[in-house]
Amino acid sequence: MHFEVPKVKMHSLREFLQHYLMIVLSILTALGLEQWIEGAHHRHAAEYASTQIDSELDTMLRDIQSAIDTDEKKLAPLIAIDKAINDDVQKGLPDAEINKHIRELKGGFRLSINWPAFNTQAWDVAVANQSATWINVERLHRYTAAYAAVRDAASWTTHNATVALDAPRMINLQTRINLGRDVDPVEFLSVSQQMINSSKETIAYMQDASKPIKAALAKTEP
């Protein structure tokens, strides 16, 4: 800021104080105006960032629920065949009869694990341009928790979703069953349990991730 001090010849202490007060008031007014403009800019940036983040989280929440619904629907036939064959084994039925039952229900012996694309672009932009720092503290904490859960879920689905699954063994069993060959019922149950647990754990991670997202989308002060 630049101020031009008026070059006025002072005739008394009173005139000097009046001019001095005018200068001080001018400076304070300019500073106050500058702070108001900066505050308005910060509020606008925070509101825009919040709008973008809310939209991103809302889309992600709907995608997560869609993936959960799909996984639960496709998991049901696998649970059904696992239960049926487990009952056969518990009853002590011959392997040949159990294999006949497996072939009848083989359509359910499939693993389908789905998860959404965990996009964080709006959040990343808000952090990069510092507009996140101007968002209401309570709301910012909720956003932070939501995106931390999103990162955890993304890490799980990328690295750990099928870590407990013996994929070559599963493919081998599926191939033998599709070719009409007999398989060891106990081995079949071992693999089917791996498949069920992998799907259930992925669903559980997505459900856990959705909770802080819902909390972040709850209506709060901007």
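All values derive from a computational prediction rather than experimental measurement.

Turning our attention to the packing of helix α4 (residues 137-160) against helix α6 (residues 185-217). It is the contact of α4 with α6, at a shortest axis distance of 8 Å, that shows an interaxial angle of 165°. The angle between the axes of α4 and α6 places the two elements in the roughly antiparallel class. Once α4 is placed against α6, the crossing between them reads as left-handed. Here α4 contributes Arg 142, Tyr 143, Ala 145, Ala 146, Ala 149, Val 150, Ala 153, Trp 156 and Thr 157 to the contact with α6, which in turn contributes Glu 201, Thr 202, Tyr 205, Ala 209, Pro 212, Ile 213, Ala 215 and Ala 216. Broken down by class, the residue content of the contact of α4 with α6 amounts to 13 nonpolar, two polar and two charged.

Further remarks concern the packing of aromatic side chains. All told, the structure shown has three aromatic pairs when counted by the stated rule. For the pair Trp 123 and Tyr 147, a centre-to-centre distance of 5.1 Å together with 15° between the ring planes defines the contact as stacked. Taken as a pair, Trp 123 in helix α3 (residues 121-128) and Tyr 147 in helix α4 lie far apart in primary sequence, 24 residues in all. Tyr 147 shares its class with Trp 123; the two are buried.

This part is about the confidence of the model for the chain. Of the residues in the chain, 79% reach a pLDDT of 70 or more, and the chain-wide mean stands at 84. Considering each helix and strand of the chain separately, the mean pLDDT is smallest for helix α1 (residues 13-91), with a value of 80, and largest for helix α2 (residues 95-104), with 95.

Time to look at the pattern of salt bridges. Following the criterion strictly, the structure yields seven salt bridges and no others. For Asp 58, the salt bridge is made with Arg 62, and the minimal N-O distance between the two is 3.3 Å. Here Asp 58 pairs with Arg 62, and both are found in helix α1, just four residues apart, close to one helical turn.

Glancing now at α6. Taking 1.5 Å as the rise per residue, α6 with 33 residues should run 48 Å; its terminal C-alpha atoms sit 48 Å apart, in good agreement. With a side-chain oxygen positioned 2.9 Å from the backbone nitrogen of Val 186, the residue opening α6 is Asp 184.

Of all hydrophobic cores here, the largest spans 44 residues; its most connected members are Ile 53, Leu 57, Phe 109, Phe 188 and Ile 213. With 13 residues, the top contributor of residues to this core is α1. The residues contacting Phe 188, other than those within four sequence positions of it, are Ile 81, Ile 85, Ile 102, Phe 109, Leu 173, Ile 177 and Val 183.

Rules of the game
Residues numbered from 1 in each chain as written. Predicted model: local features only at pLDDT ≥ 70, side-chain atom pairs only at ≥ 80, totals over all residues. Heavy atoms only, no water. Axes fitted to C-alpha atoms, helices over the stretch in contact; angles between N-to-C directions. Helix = DSSP H or I, 4+ residues; strand = E, 2+ residues; numbered from the N terminus. Parallel < 35°, antiparallel > 145°, perpendicular 65-115°, else oblique. Left-handed = near helix turned anticlockwise from the far one by under 90°. Contact = heavy atoms within 4.5 Å. Nonpolar A, V, L, I, M, F, W, Y, C, P; charged D, E, K, R; others polar. Phe/Tyr/Trp six-rings, centres within 6.5 Å; stacked < 30°, edge-to-face > 60°. Buried < 20%, exposed > 50% of the residue type's maximum accessible area, 1.4 Å probe, protein only. pLDDT = per-residue confidence, 0-100. Salt bridge = Lys/Arg side-chain N within 4 Å of Asp/Glu carboxyl O. Expected span 1.5 Å × (residues − 1). Polar contact = N/O pair within 3.5 Å; in protein donor to acceptor, adjacent residues only side chain to side chain. Core = buried A, V, L, I, M, F, W, Y, C linked by side-chain atoms within 4.5 Å.

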